[in-house]
Each structure stands twice: as C-alpha cells, then as structure tokens.
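Listed here are the chains, written in short residue letters.
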Amino acid sequence: PIIRCVKDIGDSRISIYRSLKGKDLNKDGVFIAEGQRVIRALLESNFEIVSILMTDKWLQVFKEQLSREGNDDLPIYLITQKEIERVVGFSLHQGIMAAVRVPAELSLEDASRHWSSPHLLLAINGLRDTENVGLIIRNSVAFGVDTVIVDRDSCNPYLRRVVRVSVGSIFKILVVRVFSLLDTFKWLKQRFRTRIIATTPERDYSVPVDKIDMSGDICLVFGNEDRGLDKELINIADSTVRIPISDDIDSLNVSCASAIFLQLAALRRDPQRMSYI
C-alpha cells in the first residue's frame, strides 16, 4: 500500500471522510466502512477500496491483510486518534475507516447464478430504518440467505450506519435493489416457481409460522413495522405467516422477527447444518 501521514484534517486527500451524513451515494459512488470488524470483513471481500484512514495502531493490526496482492496502490492515510475524532465529529471512534466503491447494480438474473439449490431469499419492503436493515442483512448471512432483495422504498443498503450495524455482513452476501417487488415476485414465480412467504403480525389473515412448509425455493418478505407490507405483495404471496406472541405485545421489531423466521427456516431446511452452527 501507499502510506501517507495526514496532519491536517483539512487535507483534500481525506475530504471524502468529512461531513459523512451528507454523503450522496448515487452522486459520489462511495460509501464509508468503519470499525475493526467491518474493515476486517472488507479486506477479505472483493469490494473495491478507494482509500483507508487509520491510526498507526490499526496499521500494525492489519499489516498482513494490507500486504496481500492487489493492495500495492491502495492509499492509506495515517492520522492520530485525536484528529480522526475531529474528522468524524465525535469521540470514542475506533480510529479506522475506509472509503469503498459502491458496487455496480446487480440484476436478479445475475445473482441467481450463485444461488444454492434450493434457494432461500429475503426481500424487504419500505424499510427506511438503517439499523433494522443492517441487522436484517446480518441475520441473513447468519442463516444462509442467498440474496437480499431491497426495494427502492427502503433505505440504501450501503449507507454508513447500515454497513456498521451489519458488522461487515454486507460484504458477505449478494444484495439486489429492485424498482418493483411485485414484478420481482412475478419473475421469481415464473422463472423458479419460488414460493413467496409474506410475514405479518396481523392475525386476521395469517397463520402461525410453524404451520408453513419452508422447504424448496422460497422468499421471505418483511415490511415496515408501522404499516406492514404493501397490499399487492400480500395478495401475490403464497403464504402469509406470523410469529405467535403474547397478547400484551402487538408486534416484534422487524429485525428481531427476521431472526426468528430465518432460524426456523434454516432449521427445517437443513437440520444437520443447524445442529453444529
């Protein structure tokens, strides 16, 4: 790598790390990854790293990974802990960040070439909370989801907080953004006969998850916790399921619910694999 010391946070070479809240991913084409575990996952992935901003401590920690083939021209900017906290605007920062190129849009057709057989997909509809999206991506990696499908009404999966909350899981799974989940589900049904399983806390038109067959090619769909799934998606679903919970609670947080649904799906689809995880 190409190592340079930075003594002034106004240095134009690290301008990409300033004013992170205002970053326009579509305009800049770059997102920010931060924290030890996230950077470790990044360095083990095929994502294109634009540069890394870190303290000398982390240069020593990641010395082996950074010396690997392909990192010869990677710019690394060394900065003190005090100065990096001034860059991000708060204290207690771990002291390591990377600017990463947003990957090219991936089509569902291209993603399908990497799916297991049978495949397990997860789709999110209208989720704008970055923490929920990050956690759902992490849950998806934990339980063997082949691809996460994100509609345009949901937040961008490469937002800084999504990446951080996913703890680097975003680098370990295929993510496809689509304009229409309805059209996507029609395509999945026609192309693969994928069964669409819509999740909901509503009891009037759903059945308990333990009553549903989760074998074969399936796609679990999760919606906004406040308004739920779009009606058209519920109508096209092959099953609408819920997690039985106490009458004292009307619903679970969507990321918590996704972990429960995915764990049940993984257990039923491959009990042997789940027995040693």
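Residues numbered from 1 in each chain as written. Predicted model: local features only at pLDDT ≥ 70, side-chain atom pairs only at ≥ 80, totals over all residues. Heavy atoms only, no water.

Draft legend 1. Quick peek at the sheet that holds strand 8 (residues 174-178). As summarised here, the arrangement of the seven strands in space is 8-7-6-11-9-12-10, forming an open sheet in which the pairing is parallel. Taken across any chain shown, the strands that pair with only one partner, and hence form the sheet edges, are strand 8 and strand 10 (207-208). With four bridges joining them, strand 6 (residues 120-125) and strand 7 (residues 147-151) adopt parallel strand pairing. Note on strand 7: the bridge partner recorded for Ile124 is Val150. Against the sheet, helix 9 (residues 181-192) makes contact with strand 6, strand 7, strand 8, strand 9 (195-199) and strand 11 (218-223), and its axis sits at roughly 165 degrees relative to strand 6, the strand it touches most. Where helix 11 (residues 254-269) meets the sheet, it contacts strand 6, strand 9, strand 11 and strand 12 (239-242), and its direction lies at approximately 165 degrees from that of strand 11. (Pairing = 2+ DSSP bridges. Helix = DSSP H or I, 4+ residues; strand = E, 2+ residues; numbered from the N terminus. Contact = heavy atoms within 4.5 Å. Axes fitted to C-alpha atoms, helices over the stretch in contact; angles between N-to-C directions.)

Draft legend 2. Structural context of the pattern of salt bridges. Summed over all chains, the structure comprises 14 salt bridges. Residues Arg164 and Glu34 are paired through a salt bridge, measuring 2.5 Å at the closest nitrogen-oxygen approach. Of this pair, Arg164 sits in helix 8 (residues 160-165) while Glu34 sits in strand 2 (residues 30-34), and the two are 130 residues apart along the sequence. For Arg101, the salt bridge identified is with Glu48, shortest N-O distance 3.9 Å. (Salt bridge = Lys/Arg side-chain N within 4 Å of Asp/Glu carboxyl O.)

Draft legend 3. Layout of the environment of Ile9. Mapped onto the elements, Ile9 comes out in the loop between strand 1 (2-5) and helix 1 (25-28). According to the relative accessible area criterion, Ile9 is buried, its value standing at 15%. Residues Ile9 and Ile84 lie 75 residues apart in sequence; the distance between their C-alpha atoms is 7.8 Å. Among residues more than four places away in sequence, those in contact with Ile9 are Ile14, Arg18, Ile79, Glu83, Arg86 and Val87. (Buried < 20%, exposed > 50% of the residue type's maximum accessible area, 1.4 Å probe, protein only.)

Draft legend 4. Structural context of the state of the cysteines. In this structure the tally under the stated criterion is zero disulfides. The thiol sulfur of Cys256 is not disulfide-bonded, and the nearest other cysteine sulfur, from Cys155, lies at 17 Å. Accessibility expressed as a relative area gives 44% for Cys256, which makes it partly exposed. (Disulfide = S-S within 2.5 Å.)

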